[in-house]
Protein chains: 2
Amino acid sequence: MKTLETLKELTSFLLEIQHISSAAAVLSWDQETYMPPGGAEARADQLATLQGIAHQQFISPKMENLLSQWIDLKTGALLENADEAWDLQSKALLRETWRDYSKAKKLPLDFVKRMEKETSLALQVWVEAREKNNYSLFKSHLSTIIKLKKEESDYRGYTESPYDALLDTYEPGTKASQIAPLFDSLKKSILPLLEKVRQAAHPPKDEILFVSYQPDRQLEFGHKVLKAMGYDFSRGRQDLSHHPFTTSFHPTDVRITTRIFEKGLPSALFGSIHEGGHALYDQGLDPKFFGTPLGEFLSLGIHESQSRLWENCVGRSKSFWKFFFPYLQNTFPDQLSKIDLQTFYGAINLIKPSLIRVEADELTYNLHILLRFEIEKEVIEGNLEVNEIPSAWNSRMKTYLGIVPEKESEGPLQDIHWAHGSFGYFPTYTLGNLYSVQFFNQAKKELPDLLDQIEKGNLLPLKKWLNQKIHCWGRTFPTEELVRRVTGEPLNPSYFIRYLEEKVKEIYHD
Amino acid sequence: MKTLETLKELTSFLLEIQHISSAAAVLSWDQETYMPPGGAEARADQLATLQGIAHQQFISPKMENLLSQWIDLKTGALLENADEAWDLQSKALLRETWRDYSKAKKLPLDFVKRMEKETSLALQVWVEAREKNNYSLFKSHLSTIIKLKKEESDYRGYTESPYDALLDTYEPGTKASQIAPLFDSLKKSILPLLEKVRQAAHPPKDEILFVSYQPDRQLEFGHKVLKAMGYDFSRGRQDLSHHPFTTSFHPTDVRITTRIFEKGLPSALFGSIHEGGHALYDQGLDPKFFGTPLGEFLSLGIHESQSRLWENCVGRSKSFWKFFFPYLQNTFPDQLSKIDLQTFYGAINLIKPSLIRVEADELTYNLHILLRFEIEKEVIEGNLEVNEIPSAWNSRMKTYLGIVPEKESEGPLQDIHWAHGSFGYFPTYTLGNLYSVQFFNQAKKELPDLLDQIEKGNLLPLKKWLNQKIHCWGRTFPTEELVRRVTGEPLNPSYFIRYLEEKVKEIYHD
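Computed from a predicted model, the values in this text were never measured in an experiment. Each chain carries its own residue numbering, running from 1 in the direction its sequence is written. Lettering for chains starts from A, numbering for ligands starts from 1, and both go in the order in which the items are written. Local features in this predicted model are restricted to residues of pLDDT 70 or higher, and side-chain atom pairs are both shown and tallied only at a pLDDT of 80 or more, whereas totals for entire chains, interfaces and linings draw on every residue.

Asks: How should the overall build of chain A be read in this particular structure?
Replies: Going along the chain from the N terminus, every DSSP run of H or I of four or more residues is numbered as a helix, and every run of E of two or more is numbered as a strand. Tallying secondary structure elements over chain A gives 21 helices and 3 strands in all. For chain A, the C-alpha radius of gyration of 23 Å lies close to 24 Å, the compact-globule estimate for 510 residues. Principal-axis analysis of the C-alpha atoms places the extent of chain A at approximately 70 × 55 × 50 Å. Put simply, a residue is buried when 20 or more other C-beta atoms lie within 10 Å of its own C-beta and exposed when 12 or fewer do; between those, it is partly exposed, and each C-beta is set from the backbone. Burial status across chain A gives 43% buried among its 510 residues. Contacts in chain A between residues far apart in sequence, at least 24 positions, make up 71% of those at least 6 positions apart. This radius of gyration counts C-alpha atoms alone. The globule rule is 2.2 Å times how many residues there are, raised to the power 0.38. The contact rule is simple: place each C-beta atom from the backbone, and if two of them lie within 7 Å, those residues are in contact.

Asks: What is the right way to read the pairing of strand E2 (residues 246-250) of chain B from this model?
Replies: Each regular strand carries side chains that alternate between the two faces of the sheet. All names here are of chain B. Extensive coverage of E2 is indicated by the burial of 5 of its 5 residues. Pairs of strands are assigned from DSSP output, requiring at least two bridges between the strands. Bridge count for E2 against strand E3 (residues 253-258) is 4 bridges, and the pairing is antiparallel. Directly across from Ser 248, in E3, lies its bridge partner Val 254. Between E2 and E3, which pair antiparallel one after the other, the connecting turn spans 2 residues.

Asks: Just checking my understanding: could you explain the environment of B:Lys377 for this structure?
Replies: Residues and elements named next belong to chain B. Tracing the chain through its elements places Lys 377 in helix H15 (residues 364-380). Residues Lys 377 and Leu 466, spaced 89 residues apart in sequence, show a C-alpha to C-alpha distance of 33 Å. Contacts of Lys 377, omitting those with residues within four sequence positions, involve Tyr 163 and Ala 176.

Asks: How do you make sense of the sheet that holds E2(B) when you look at a structure like this?
Replies: Hydrogen bonds along the backbone pair up the strands of a sheet, which may run parallel or antiparallel. All names here are of chain B. Strand order in this open sheet of 3 strands is E1-E3-E2, and the pairing throughout is mixed. The open sheet terminates on both sides in strands that have one partner only, identified here as strand E1 (238-240) and E2. Averaged over neighbouring strand pairs, the angle between their axes works out to 25 degrees when direction is ignored. Lines fitted to C-alpha atoms define the axes here, with helix axes fitted over just the stretch in contact, and angles between the N-to-C directions of these axes take values from 0 to 180 degrees.

Asks: What should I look at first to understand the packing of helix H17 (residues 427-446) of chain B against helix H20 (residues 479-487) of chain B in this one?
Replies: Two packed helices can be described by the angle between their axes and the distance between those axes. Residue and element names in this part refer to chain B. Interaxial distance between H17 and H20 falls to 9 Å at its minimum, and their mutual angle equals 30 degrees. The angle between H17 and H20 falls in the class roughly parallel. Packed against H17, whose contacting residues are Tyr 435, Gln 438, Phe 439 and Gln 442, the element H20 presents Val 483, Val 486 and Thr 487 at the interface. By definition in this entry, angles of less than 35 degrees are roughly parallel, angles greater than 145 are roughly antiparallel, angles of 65 to 115 are roughly perpendicular, and the rest are oblique.

Asks: What's the story with the relation of the copies chain B and chain A in this structure? I'm lost.
Replies: Each of the two chain copies goes to the other by way of a rotation about an axis and a shift along it. C-alpha atoms of residues with pLDDT of at least 70 in both copies form the basis for the least-squares superposition of the copies. Of the transformation superimposing chain B on chain A, the axial component is 0.0 Å and the angular component is 180 degrees, with the fit at an RMSD of 0.1 Å. Taken together, the rotation angle and the small translation identify this as a two-fold axis. When the interface residues of chain B are mapped onto chain A, 100% of them are again interface residues, pointing to one common binding face.

Asks: Explain the confidence of the model for chain A here, please?
Replies: Note that predicted coordinates carrying low pLDDT should not be read in detail. Confidence of the prediction at every residue is given by pLDDT, a number between 0 and 100. Mean pLDDT over chain A works out to 96, with 99% of the residues at or above the 70 mark. With a pTM of 0.95, the predicted complex shows an ipTM of 0.94.

Asks: What is the right way to look at helix H6 (residues 135-156) of chain A in this model?
Replies: Residue pairs spaced three or four apart in an α-helix point in one direction, given the helix's 3.6 residues per turn. All names here are of chain A. Multiplying 1.5 Å by the residue count of a helix minus one yields the expected span of that helix. End to end, H6 covers 30 Å across 22 residues, agreeing with the expected 32 Å (1.5 Å per residue, within 8%). Listing the buried residues of H6 in full gives Tyr 135, Phe 138, His 141, Leu 142, Ile 145, Ile 146, Lys 149, Glu 152 and Ser 153. Gly 157, located one to two residues past H6, shows a positive phi value of around 90 degrees.

Asks: Any chance you could explain the sheet that holds strand E2 (residues 246-250) of chain A here in plain terms?
Replies: All names here are of chain A. The mixed open sheet is built from 3 strands, whose spatial order is E1-E3-E2. Bordering the open sheet on either side are strand E1 (238-240) and E2, each of which pairs with just one other strand. Ignoring which end each strand starts from, the neighbouring axes of this sheet average 25 degrees apart. When E1 meets strand E3 (residues 253-258), the two strands line up parallel, connected through 3 bridges. If you follow Gln 238 over to E3, its bridge partner there is Ile 256. In the packing of helix H1 (residues 8-33) onto the sheet, contacts are made with E1, E2 and E3, and the angle to E2 comes to roughly 145 degrees.

Asks: Any chance you could explain the interface of chain B and chain A here in plain terms?
Replies: With 30 residues of chain B in contact, the opposing surface of chain A contributes 30 residues. Within the residue set of the side of chain B that touches chain A, elements represented by two or more residues are helix H1 (8-33), helix H2 (40-58) and E2 of chain B.

Asks: Where do I start with unusual backbone geometry in this structure?
Replies: Both trends apply: most residues other than glycine have a negative phi, and most peptide bonds are in trans. Residues and elements named next belong to chain A. One non-glycine residue, Asn 133, lies in positive phi territory at about 60 degrees. Along the chain, Asn 133 turns up in the loop between helix H5 (109-132) and H6. Its 14 C-beta neighbours within 10 Å are what place Asn 133 among the partly exposed residues.

Asks: Mind showing me how you'd approach the packing of helix H9 (residues 215-229) of chain A against helix H10 (residues 265-284) of chain A here?
Replies: All names here are of chain A. H10 packs onto H9 with a crossing angle of 30 degrees between their chain directions and a minimal axis gap of 10 Å. Taken together, the axis directions place H9 and H10 in an arrangement best described as roughly parallel. By crossing handedness, the relation of H9 to H10 is classed as right-handed. Between H9 and H10, the residues in contact are Gln 218, Leu 219, Gly 222, Val 225, Leu 226 and Met 229 and Leu 265, Ala 268, Leu 269, Ser 272, Ile 273, Gly 276 and Leu 280, respectively. Of the residues in the contact of H9 with H10, the class split is 9 nonpolar, 4 polar and no charged. Left-handed describes a crossing whose near helix is turned anticlockwise from the far helix through less than a right angle; right-handed describes the clockwise counterpart. When residue character is reported, Ala, Val, Leu, Ile, Met, Phe, Trp, Tyr, Cys and Pro are called nonpolar, Asp, Glu, Lys and Arg charged, and the others, Gly included, polar.

Asks: What is the right way to look at the environment of B:Leu371 in this model?
Replies: Residue and element names in this part refer to chain B. Locating Leu 371 in the fold gives a position in helix H15. Sequence-wise, Leu 371 and Val 504 are 133 residues apart; in three dimensions their C-alpha atoms are separated by 22 Å. Not counting residues up to four positions away in its chain, the partners in contact with Leu 371 are Trp 393, Arg 396, Met 397 and Tyr 400.

Asks: Got a minute to help me understand the environment of A:His509 in this structure?
Replies: Positionally, A:His509 belongs in the segment after helix H21 (494-508). Note: C-alpha distance between A:His509 and A:Leu219 (290 residues apart in sequence) is 33 Å.

Next up, the structure:
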């Protein structure tokens with residue numbers, strides 16, 4: 001039986017390349033947290049240099065030689081026609097490394113450079129267009145990016161839709177023809193639910209969440225929750241940044257950021273839990289596989305499932321707040337001492353259509369994603385023009401959410417993704433929501449006292465379960481296989497829909 | 001006339017390598033400021049990877065090809081035997097790049113790796129030995145390092161002393177045979193001065209500096225001074241670290257750190273001014289030459305001259321405090337409102353033999369350096385054994401400073417340098433002191449109202465003078481030539497000695 005020992009030369013080389021990518025990640029972290037403004041231009045050069053070296057090494061003749069000993073480089077098939085010759089891990093490592101390698105080889109260097117240049121330009125213009133609330137400023141840049149993304153699809157290759165080639169970079173193996181019916185069925189369940197919410201006689205109120213909350217205490221409470229979740233501060237830290245994110249340089253150094261609004265408890269609170277969920281995944285990857293696909297997260301959808309599971313299934317649950325609300329009241333006595341748990345619970349679970357995706361509740365969030373998925377798919381497939389995006393946006397907002405933005409900055413200019421060239425990214429958010437509830441449901445089955453433990457503030461059994469069932473496997477199994485191994489079935493949106501139905505019932509007393 | 005335009009391919013390659021080194025510097029900065037403890041091992045791997053790539057590229061066949069078009073790689077001489085063929089900057093760039101290249105080529109990769117391994121080990125043991133106050137724990141590691149440093153001298157080559165080869169890595173072109181008489185003459189002037197101080201009837205008192213000072217206000221006052229010095233916070237920042245340092249990733253991102261003792265004003269105050277002086281040099285390097293020797297600092301001695309000039313010639317001067325003392329009193333009214341300027345001025349200029357180099361005053365500091373220079377030179381030349389270092393240390397402490405450490409942690413274990421393999425580094429501190437006063441003296445000549453300006457809090461004319469006379473030149477001129485261009489003569493210790501004599505006279509009223 002051939003094992004990872006056989007592949008030592010390959011894994012050492014992968015590790016060396018990973019150190020370069022990790023160094024680039026440190027530079028990006030610094031860029032978003034502490035870098036003085038004057039350093040931006042030099043930082044872009046440093047990052048481009050490191051990313052260029054990592055890319056070149058990854059597609060170097062050395063890598064080709066290492067892989068071609070064991071793999072048919074054209075098909076990715078193992079040589080020797082004998083699956084049994086390799087153990088599970090080695091087979092997975094070769095499969096996934098080849099996947100990365102062949103993906104990296106497909107894009108010509110000239111194309112990568114053009115894309116970098118155009119997205120860097122588009123990002124600058126997007127910032128300005130958003131500030132000036134003027135989509136037409138951004139339009140021609142978006143056109144250029146879309147042309148390039150279509151070119152990218154051609155390089156990557158696809159059988160059904162050019163959109164698939166882009167989706168695949170974030171959610172390996174997933175196709176638009178799977179997402180579309182999934183999202184349609186979701187729409188069919190969510191829209192009637194939203195209608196119920198709209199007609200509810202006694203909706204909860206959330207004003208109490210938007211009075212003044214001392215920023216340092218917000219951070220302090222967030223730390224308390226993160227520690228309870230099992231986020232290891234000796235292998236991580238939390239800093240402030242404009243947009244919250246999680247980054248990992250190694251399972252021993254996984255950092256999160258947050259942003260704090262003095263007049264808004266949810267941003268830092270649920271943001272910290274959300275990023276903490278991401279961070280538990282990265283801290284839970286097996287360090288002995290670091291640098292190889294076995295030590296990497298599986299897909300953006302699975303990553304998002306971890307953040308959403310903690311943010312929503314745990315962080316917006318009654319069980320969680322039975323334990324933590326008294327501590328929150330203690331932290332903010334002026335604001336909360338006279339508020340009861342039920343009122344607070346209603347406030348953090350209020351469902352209300354809004355214009356901005358990142359501020360949306362658990363239910364309407366997915367409508368924001370559906371809209372973006374439909375638009376970006378049509379654009380990449382050539383069925384929607386760039387100048388038609390704002391009207392397509394508004395008409396779908398009207399249909400799905402019943403509201404229409406008055407400003408383009410609150411419409412198609414609100415997200416960075418398209419300016420960044422990240423087409424095919426949005427669906428992973430909703431996939432994450434679906435997976436999160438399916439996983440949490442399974443955890444409740446396997447850990448019968450899970451909710452009791454959460455009510456006691458003991459979140460570690462859940463963390464341990466996620467570590468063992470999901471985190472430690474890295475990319476050993478394809479997503480579908482992992483989901484089946486963990487939950488006994490493929491992705492099934494009914495868990496998420498039932499979760500929403502119960503939440504609506506509970507909060508809106510219908 | 002051949003210009004930098006001719007060398008474009010070379011400078012582009014140098015720039016690419018510099019981006020890698022700058023990335024490594026960002027990682028080191030993070031290591032000392034924000035990295036969680038768990039991340040240390042992965043960080044060491046990331047750093048080793050980046051440094052290895054930068055080194056390999058620097059000695060690559062590509063570099064050899066680029067240089068050998070213009071230079072005889074064996075001697076460093078320009079081809080074509082025609083100095084006039086190149087302009088000043090191109091000539092300097094080729095001269096210094098060849099210097100770096102031939103230095104880098106001299107050390108076998110195997111040796112570099114052994115050295116890295118042994119110093120990394122020695123550093124760990126040194127930390128433990130210092131904590132346990134036990135030199136004998138560290139002895140065998142120091143022996144190994146010294147053997148390796150002798151091996152390094154052989155690789156690097158020397159004509160007089162193996163110590164010269166090491167000194168040259170920090171202070172290019174300088175030899176022990178120049179340092180030794182210079183330091184001897186310094187000793188002959190400083191020891192009688194110290195004797196005078198000892199016998200002074202009314203020495204100043206410095207207790208007032210060691211009452212409690214609010215850390216946040218210490219930082220705030222430091223920022224005020226740094227801004228007045230012209231340190232550009234949009235191209236830099238100040239953070240906390242265990243040991244203060246300055247690091248530069250590009251002239252647009254030059255960062256300093258400090259440490260704060262609640263019960264000790266001098267550390268953060270003079271530390272900030274000191275690092276600010278270093279940072280002005282790095283921010284003052286010409287960005288258009290970034291990546292090449294023309295955009296690099298000249299030597300450690302010249303770098304230290306900039307920090308010491310600001311810390312001592314400015315920061316310990318009466319003129320400076322005439323302006324800043326009222327602000328300091330305002331910042332710390334409880335501690336200082338009843339203290340007069342003369343008392344404060346005496347306190348910050350107190351001369352008093354002490355055991356620890358980094359806490360020493362302007363005069364005795366150099367005796368600490370002399371002692372280290374003599375010991376490390378003897379050790380490298382084979383005239384002193386490793387187990388004789390503590391007794392050599394103590395007997396010289398007795399002779400020079402009149403005090404002897406009771407603990408080895410306050411003796412030869414106090415500095416990190418030897419554990420780190422940095423033999424030949426110490427003399428640059430005293431060279432910096434000598435240069436600093438020689439430069440400041442010249443500035444006073446050329447800017448007749450300099451002290452008046454400083455008294456008004458206007459430090460920018462001095463910064464501008466240093467920018468124009470020293471910073472912007474990078475490594476265009478060898479040190480001796482720069483010093484001659486700036487001051488009209490070579491290094492001359494008499495300026496420093498006269499400065500000390502006047503200070504002693506003023507403070508000790510003798």
